[in-house]
Amino acid sequence: MGFAEPAFAADPAAAPQDAAVAIHADRPGARLDPHIFGQFAEHLGHGVYDGIWVGPKSSVPNIHGFRRDVIDALKAIRVPVVRWPGGCFADEYNWREGIGPVAKRPKRVNTNWGGVTESNAVGTHEFMEFSELVGADAYVAGDLGSAPPREMAAWVEYMTSPTDSALAQERIANGRKAPWKLAMFGVGNELWGCGGNMDAVTAAQETRRYAAFIKTPEGVPLMKVASGASGEDYAWTETMMAKAGDVIDGLALHYYTVPGGWENKKPATGFDEHDWAEVLAKTVAVDTLLTRHGKIMDKYDPKRRVALLLDEWGTWYKNEPGTNPGFLYQQNSLRDALVAALNFNIFTRHAERLRGANIAQMVNVLQALILTDGAKMVRTPTYWAFDLYKDYQGATVLPVEVDSRWYGRGEYGLAAISASAVRDPQGVVHVALVNADPAQGSQVTVKIDGVAPGTVSGRILTADKMDAHNTMDAPDAVRPQSFTAARWQNGVLTATLPPKAVVMLELR
Ligand code: AHR
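Residues numbered from 1 in each chain as written. Predicted model: local features only at pLDDT ≥ 70, side-chain atom pairs only at ≥ 80, totals over all residues. Heavy atoms only, no water.

### Remarks on the overall build of the protein chain
- In terms of helices and strands, the protein chain carries 10 helices and 28 strands.
- The C-alpha atoms of the protein chain give a radius of gyration of 22 Å, which matches the 23 Å a tight globule of 508 residues would have.
- Its C-alpha atoms put the protein chain at 70 × 55 × 45 Å along the principal axes.
- For the protein chain, with 508 residues in total, the buried portion stands at 60%.
- When the accessible area of the protein chain is evaluated, it comes to approximately 19300 Å², of which 51% is carbon and sulfur surface.
- Here the protein chain contributes 50 positive and 58 negative side-chain charges, whose respective centroids are spaced 4 Å apart. (Helix = DSSP H or I, 4+ residues; strand = E, 2+ residues; numbered from the N terminus. Rg over C-alpha atoms; globule rule 2.2 N^0.38 Å. Buried < 20%, exposed > 50% of the residue type's maximum accessible area, 1.4 Å probe, protein only. Areas by Shrake-Rupley, 256 points an atom, 1.4 Å probe, with all protein chains shown as cover. Lys, Arg positive; Asp, Glu negative; His and termini not counted. Charge placed at Lys NZ, Arg CZ, Asp CG, Glu CD.)

Below, the structure is given as structure tokens:
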């Protein structure tokens, strides 16, 4: 990490014993797909331009136009996959306008996001280079809503063909000899909305038709992902699986945490405890969504061949005052870090079916991991949540039971303590504990069957205020500290959690 983390020690007297966690390390479950910690970079506001791309001539240090600071920060959390170019932007994106000499690329209006000029300076070659620089898989979303299947097929051939076909030769002429590794391809996005305003039956039929033309060279795998439901639209999942389940490899799901609702969104900071509880309670509702969408998928696909991909999730607040509402720029506080951690604990429970998730979005948009301002950059509390969980990628899930008191305000409530656990390929057990209560600490006892660790160490993310956040002037106000309030004694682990905290323990 390159810096010594200050130590955090909780006061046991301030924390009643109100939660018990049981971890069954002797009954390991599924492997946690690394893609569950994926990202999303849309041509939206400063998500791509300024956020990751400044251009090769910029005074901001860059590698072929991509910000060095952002690349380094993303590499440090081992970003496994990036979804691009949208979102709604993908539903109108003409990939041909993003290849060839940059000066000749046509300028377009970004009709979805603020009506600003899209320069097309970042196109396929640039995005693929970015993915390689970060070390992430590429998840490209195609335009089903406004382009014919031939366009989608041509784009995939352009990216993946090693032959002397005209499309492969065009790619080579544009500077890329070898085909790229394309891990996932979105057969449209939000077909029920910005992707074409379709009903589920039409969307499923169109998905079948387009999927038929997406072909990769012999032996080159590509996960075809169908546009999925928004939130509780279980009928969408039912129809998609019934009519197109056999031609896809993944089905998307989008779920945003929106305090106040779409018409009356609340701010990212300066909130009270009621809003804190609302955001966290609305976040954990994803558990029911994953269970119910998963059950419908089980009916059509009992062997779980088709992955469920929560390829858009995160908080969606009122945009920051003075910013373009179409840019979806919002601050990111300790509350967002808890949102991320609660999601990760839930994702872990659904690892058999849920094999990918992409936070919306990576830089400068919605629940961003990174915020930039000119040459400056800050890692948000959400970034640090990803950092705490990075060893979960590819680890084996250990079943967990939590007996916790309830925390809530008004109509919003959730278990005060949430937990998950994994064993990584080196045999190290990682235990995540989240205390959602912003005022009350908690002494948690953790019983672990099948593990007798020699050492216990940990890191914690917490702060004095619920809306503590990092700014360009105070970039390190919220960042992990080492955690010393966990003990292994007589076969039981005890951890004293302060209020509003995410703790990651390492048992060796
Ligand atoms: O993430 C922002 C937008 O939210 C995406 O473009 C769209 O797919 C969703 O509605």
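Now, onward.
### Observations regarding the packing of aromatic side chains
- The tally for this structure, following the rule as stated, stands at 22 aromatic pairs.
- Geometrically, the ring pair formed by phenylalanine 344 and phenylalanine 386 is edge-to-face, given 4.9 Å between the ring centres and 85° between the ring planes. Placement of phenylalanine 344 in helix α9 (residues 334-349) and of phenylalanine 386 in helix α10 (residues 381-388) is noted, with a sequence separation of 42 residues between them. With respect to class, phenylalanine 344 is no different from phenylalanine 386; both count as buried.
- Ring pairs connect the aromatic residues Trp84, Phe89, Tyr93, Trp95, Phe127, Trp155, Tyr158 and Phe185, which therefore count as one cluster.
- The positively charged end of arginine 83 is found above the aromatic ring belonging to tyrosine 139, 5.7 Å away from the centroid. (Phe/Tyr/Trp six-rings, centres within 6.5 Å; stacked < 30°, edge-to-face > 60°. Lys NZ or Arg CZ within 6 Å of the ring centre and 35° of its normal.)

### Some remarks on helix α1 (residues 68-76)
- Regarding α1, the residues found buried are Val70, Ile71, Ala73 and Leu74. Seen from one end, α1 has its buried residues packed into an arc of 165°, which puts them on one side.
- The secondary structure elements touched by the buried residues of α1 are β4 (62-63), β5 (66-67), α2 (124-134), β15 (370-373), β16 (376-379) and α10.
- The first or second residue beyond α1 is arginine 78, which carries a positive phi of 55°. (Arc of directions from axis to C-beta. Contact = heavy atoms within 4.5 Å.)

### A closer look at the pairing of strand β23 (residues 442-449)
- On β23, burial follows the alternation: Ser442, Val444, Val446 and Ile448 on one face are buried, whereas Gln443, Thr445, Lys447 and Asp449 on the facing-out side are not.
- Strand direction decides the pairing type here: β23 and strand β27 (residues 492-497), joined by 6 bridges, are antiparallel. Residue pairing for β27: valine 444 is matched across the bridge by alanine 495. (Pairing = 2+ DSSP bridges.)

### Some words on the packing of helix α5 (residues 200-211) against helix α6 (residues 234-244)
- At a closest axis distance of 9 Å, the pairing of α5 and α6 adopts a crossing angle of 35°. For the pair α5 and α6, the sense of crossing is right-handed. Note on element contacts: α6 touches α5 through Trp236, Thr239, Met240, Lys243 and Ala244, opposite Ala200, Val201, Ala203, Ala204, Thr207 and Arg208.
- Of the residues contributing to the contact of α5 with α6, the split by class is 7 nonpolar, 2 polar and 2 charged. (Axes fitted to C-alpha atoms, helices over the stretch in contact; angles between N-to-C directions. Left-handed = near helix turned anticlockwise from the far one by under 90°. Nonpolar A, V, L, I, M, F, W, Y, C, P; charged D, E, K, R; others polar.)

### A short note on the environment of tyrosine 407
- By the element assignment, tyrosine 407 lies in strand β19 (residues 406-409).
- Of the residues examined, tyrosine 407 reaches a relative accessible area of 2% and is grouped as buried.
- Between the alpha carbons of tyrosine 407 and aspartate 26 there is a distance of 31 Å; along the sequence they are 381 residues apart.
- In this structure, tyrosine 407 is in contact with Glu273, Trp276, Ala277, Tyr412, Gly413, Leu414, Ala416, Ala436, Asp437 and Pro438, ignoring residues within four places of it in sequence.
- Within the local environment of tyrosine 407, its side chain forms a polar contact with the side chain of glutamate 273, the two groups lying 2.7 Å apart. (Polar contact = N/O pair within 3.5 Å; in protein donor to acceptor, adjacent residues only side chain to side chain.)

### Describing the packing of α9 against α10
- Relative to each other, α9 and α10 sit at 30°, their axes nearing to 7 Å. Crossing handedness for the pair α9 and α10: right-handed. Contacts from Leu334, Asp336, Ala337, Ala340 and Phe344 in α9 reach Pro381, Thr382, Ala385 and Phe386 in α10.
- Residue composition of the contact of α9 with α10, by class: 7 nonpolar, 1 polar and 1 charged.

### Details of the site of the ligand
- Around the ligand sit Phe40, Glu42, Gly87, Cys88, Trp113, Asn189, Glu190, Tyr256, Glu312, Trp316, Gln361 and Leu366, and that is every residue in its neighbourhood.
- Notes on the ligand: free accessible area 290 Å², of which the protein chains cover 94%.
- Of the residues assigned to the shell around the ligand, the class counts are 6 nonpolar, 3 polar and 3 charged. (Near = heavy atom within 4 Å.)

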